[in-house]
Amino acid sequence: MSAFFRSKEIQLAILILSFLAVFIPYFLNIPSDHPLNVFSTKLILIAGITNAFTLALAVYSQFRRGLSFVRRRARGYIFKIYMMTAIILMLIFWTMGETTGPYHWVMYAIITPLSSVNYSILVFYMASTGARAFRARNAKALLLLITGFVVLLYQAPLTGAIFPAINPLGLYFGNTFAMAAGRMFLISVTVGAIVFGVRVLMGKETQVLGFGSEKE
Amino acid sequence: MSEKKGLMRFLAEYDRRIIYLLIFVVVIGPLLSPFILPISVSPDTQAYYNVIDKLGPNDIVMVVFDTEFSGFMELQSGILASMRVMIEKGAKMVIAVSHPEATGIPELVLNQLADVISRKQYTYGKDYVYLGYIFPNEAAVAATAQDFHGAVRQDYYGKSIEGTLLDKVKDWSSWSLISDYTTGIQSQALINHYGLRGTPMIVNCIGVMVATQKPYVSSGIYKALLQSMRGGAELEYLIGVPGPGLTAMNSFTLGHYVLIIFIVLGNIGYFGYTRYKQKPTGG
Amino acid sequence: MGASLFGIPGIASGKSLGLLLDILIVLIVIYYIRSGKKLFIRRVSGLDAIEEAVGRAAEMGKPVVCSFGIAWNGFDYWTMAGLAIMAHVARLSAKTGTRLIVPTGGSTASMIVRPVAEEIVRTALMLEGREDEFNPNDLPFMSDQQYAYTGGYIGILQRTKPAAVIMTGSHASEAMNIAETSNAIGAITITSGSYISNVAALACASDYILIGEEAPAASAYLSDDPGLRSSIRCQDIFKWISIALLVLGLITFNAGSDFFLRLLSS
């Protein structure tokens, strides 16, 4: 039975059915209580629920792997103990409620400051990369350097307040060159994604669908 | 001569930790000892303000915290300032998040807006509802756009959404506006399933996203775009309520200037040492 | 936006042209895949460099670090494109006997993707007759938190000093931290700007970068199947259509006609 569900044909059939269930109501002019729309919404919900179960399985799998590490006293097993303890604690806290109590406290007092600090570290990497990358190595790099220079000056709010003339120039670079590049990315990425999606629907992307071993 | 060469070499190949240190100093300094620097308001921020300023008590706005907590720090000023205007105007708000970490953010924001909430007697259920983490993926966004009550039945606190302002919401067409505060988690999904169908959208995005979000403004999908913390500070300035954005603008300004100085010095080093070193010798 | 130029009965307002273009793109891809034509495809330096990078790692006896992103939305197309590139890296590593480290995690949904990544690496080793060399510890799960994952990833780079770091898939802001660290330890850094806002910054920090549609096209580009390779041509056709619409729209709009505006609103 499991072999049947794991077969390439069944997986592709589910894939195509799911695709059509979202694709058709998006394009057709049908009311929200139309059976096709209702089916589509139900399918999306089923996908969400299945996702949640898969996540539960993934947590279970992490836990099992962690236990195996600890039993073997493999390198870094202490961290696995820490991880499993954290999982158990968070599960217990979660049962006490998400909106108050220890779960809430962990999110506010531990996760959020750590997350914010890590994000802010990004500024150091960005500054260092920017400072090293802008070199007038040739005519094109010089143009880029001058543009970058103007945009950086414009981005600092004080500059615009002292030299208002920088504002239209900075806006011009942003609204023409940067936007043109942004549009180019959007178009090329979208087309690339659609073509990739069609290949997936045709079952041609064997490795990402988990059929890599069948190929050869 | 060798001293000059040594200086040039230093400028060309300085340790990146020097940049880290100086950036740290110019960011921390103004925060520890605040001072006031003037700022200018960009047309983008003015346009954003104009959109939220036109909202009224009959408008229902979906406020999406499309960010994890880390990105919230950059968006915080725009969130506080724009939500303050929405509450002042009496617009109804339905708050949703698209990252599990963000579930704590709305309460944090609402606490900071307690003064205007109590002054305007803005009440939960009638004027605003918090739905929690309802956008884990694009499928969920699509579901709410097609049939909202088919996809969402409870608020963040586990109470039924029946009998709240959400009774008026049916699908994508029920919303007056979607206000997306984003680091890019579900912004594309919101565009795909709401914006492209015709729901008006405005966005407050992090700095690196600006260039890629602007095309959506010119194509009319976004009615306006608020750029990162700088846009937030400008909005605070426009509404006359200073907040975290204006406080951070000094560090923001000085950080940019330090980077410019490093770029100039690096180029001096490049022409004085690296390029000289790279020149072929002999012939 | 202007009023629609045309509408297909039953199709939602403003979506007729989109539907027609979608159908056209599907038909062209099917045509190219079925035809099996051998078409010229320009070299993609970022993808070509992967072979060089893995070869260099093999010569130096150092590992290769390759990641498929943090999979914000689970199996979205970026993640799948990242997995396809990772599968190629895994095959090259298995062939050359190079240790491959795949840091995983970064989002809750990444836990769903991880088993597939594991399967891909295992399969690559199996195809080279080295299945016994598969080590699940070389696919460490860092955390479902984005920046805890980043810290773990950077730690791996600092400790193992890999010869190459290949970062594909849906990496977001953490990509900058990783690419800069990779640059600092002297590894060949190959990235893909899936999160398009990152592209400019990553282009500065990387030795090679896959821009725009290059990453989703990678699996076809790296494939031996001529039909699959020729499907990339469809992207070119649609880019030409886009360019034609842009240029014609620019000319006619400035001449006072809103024809293309109305066409695109259809």
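Quick notes on the rules
- Along each chain, residues carry numbers from 1 onward, in the same order as the chain's sequence is written.
- The order in which chains are written sets their letters, starting at A; the order in which ligands are written sets their numbers, starting at 1.
- Selection of residues for local features in this predicted model requires a pLDDT of at least 70, selection of side-chain atom pairs for listing and counting requires 80 or more, and totals for whole chains, interfaces and linings are taken over all residues.
- Heavy atoms throughout the structure, all of them, feed into the side-chain values; hydrogens and water do not.
- By definition, no residue in a patch forms a salt bridge, and every one has over 30% relative accessible area; like charges are joined within 9 Å, nonpolar side chains (Val, Leu, Ile, Met, Phe, Trp, Tyr) within 5 Å.
- Where accessible areas are quoted, they stem from the Shrake-Rupley method and a 1.4 Å probe; at the residue level, only the protein chains shown are allowed to cover.
- Think of a salt bridge as a Lys or Arg side-chain nitrogen and an Asp or Glu carboxyl oxygen that are within 4 Å of each other.
- Note on conventions: DSSP H or I runs of at least 4 residues are helices, E runs of at least 2 residues are strands, and numbering of each starts at the N terminus.
- Three exposure classes are used, based on accessible area relative to the maximum for each residue type with a 1.4 Å probe and protein chains only: buried under 20%, partly exposed in between, and exposed over 50%.
- Here a residue-residue contact requires only that any non-hydrogen atoms of the pair lie within 4.5 Å.
- Accessible area that two parts lose when put together, with a 1.4 Å probe and added across both, is what the buried area reports.
- Here a polar contact is taken to be a pair of N or O atoms separated by no more than 3.5 Å, where protein atoms must pair a possible hydrogen donor with a possible acceptor and residues adjacent in sequence count only if both atoms sit in side chains.
- Amino acids outside the nonpolar list (Ala, Val, Leu, Ile, Met, Phe, Trp, Tyr, Cys, Pro) and the charged list (Asp, Glu, Lys, Arg) are all regarded as polar, and Gly is one of them.
- Here the limits of each domain have been adopted from an automatic or database domain assignment.
- The rule for pairing is simple: two strands pair if DSSP sees at least two bridges between them.
- When the strands point away from the viewer and the path from the first strand over the helix to the second turns clockwise, the crossover is right-handed.

A. Focus on a nonpolar patch on the surface. All names here are of chain A. Together, Ile 16, Phe 19, Leu 20, Ile 24, Leu 28 and Leu 36 line one region of the surface with nonpolar side chains, adding up to about 410 Å² of accessible area. For the nonpolar patch, the element with the most residues is helix α2 (residues 8-27), which contributes 4 residues. Assignment of secondary structure puts Leu 28 in the loop between α2 and α3 (35-72). Note on Leu 28: relative accessible area 30%, which makes it partly exposed.

B. Looking closely at the environment of Gln 11 of chain A. All names here are of chain A. Turning to its location among the elements, Gln 11 is positioned in helix α2. Its relative accessible area of 30% is what places Gln 11 among the partly exposed residues. In sequence terms Gln 11 and Gly 203 are 192 residues apart; their C-alpha atoms lie 9.3 Å from each other.

C. Region of interest: the interface of chain B and chain A. With 65 residues of chain B in contact, the opposing surface of chain A contributes 53 residues. Here chain B meets chain A over a buried area of about 5100 Å², counting both sides, of which 65% is carbon and sulfur. When the area that chain B buries against chain A is broken down by residue, the three leading residues are Gln 146, Arg 230 and Ile 263 of chain B, summing to 12%. One can count 0 salt bridges joining chain B with chain A. Summed over the shared surface of chain B and chain A, the result is 12 residue pairs in polar contact (both at pLDDT 80 or more). For the side of chain B that touches chain A, the elements supplying multiple residues, two or more each, are α2 (16-32), α4 (69-89), α5 (105-112), α7 (138-146), α8 (148-151), α9 (187-193), α10 (210-218) and α12 (244-278) of chain B. For the side of chain B that touches chain A, the residue count by class is 37 nonpolar, 17 polar and 11 charged.

D. Region of the structure containing the domain arrangement of chain A. You can read the domains of chain A as domain 1 (7-74) and domain 2 (135-201). Using only C-alpha atoms to locate each centre, domain 1 of chain A and domain 2 of chain A end up separated by 38 Å.

E. Representation of the pairing of strand β6 (residues 222-227) of chain B. Residue and element names in this part refer to chain B. For β6, the tally of buried residues reaches 5 of 6 residues, placing the bulk of the element in the interior. Of the strand pairs in this sheet, strand β5 (residues 201-205) and β6 are connected by 5 bridges, and their pairing is parallel. Bridged to Asn 204 within β6 is Leu 226. Taken together, β5, α10 and β6 constitute a β-α-β crossover, and its handedness is right-handed.

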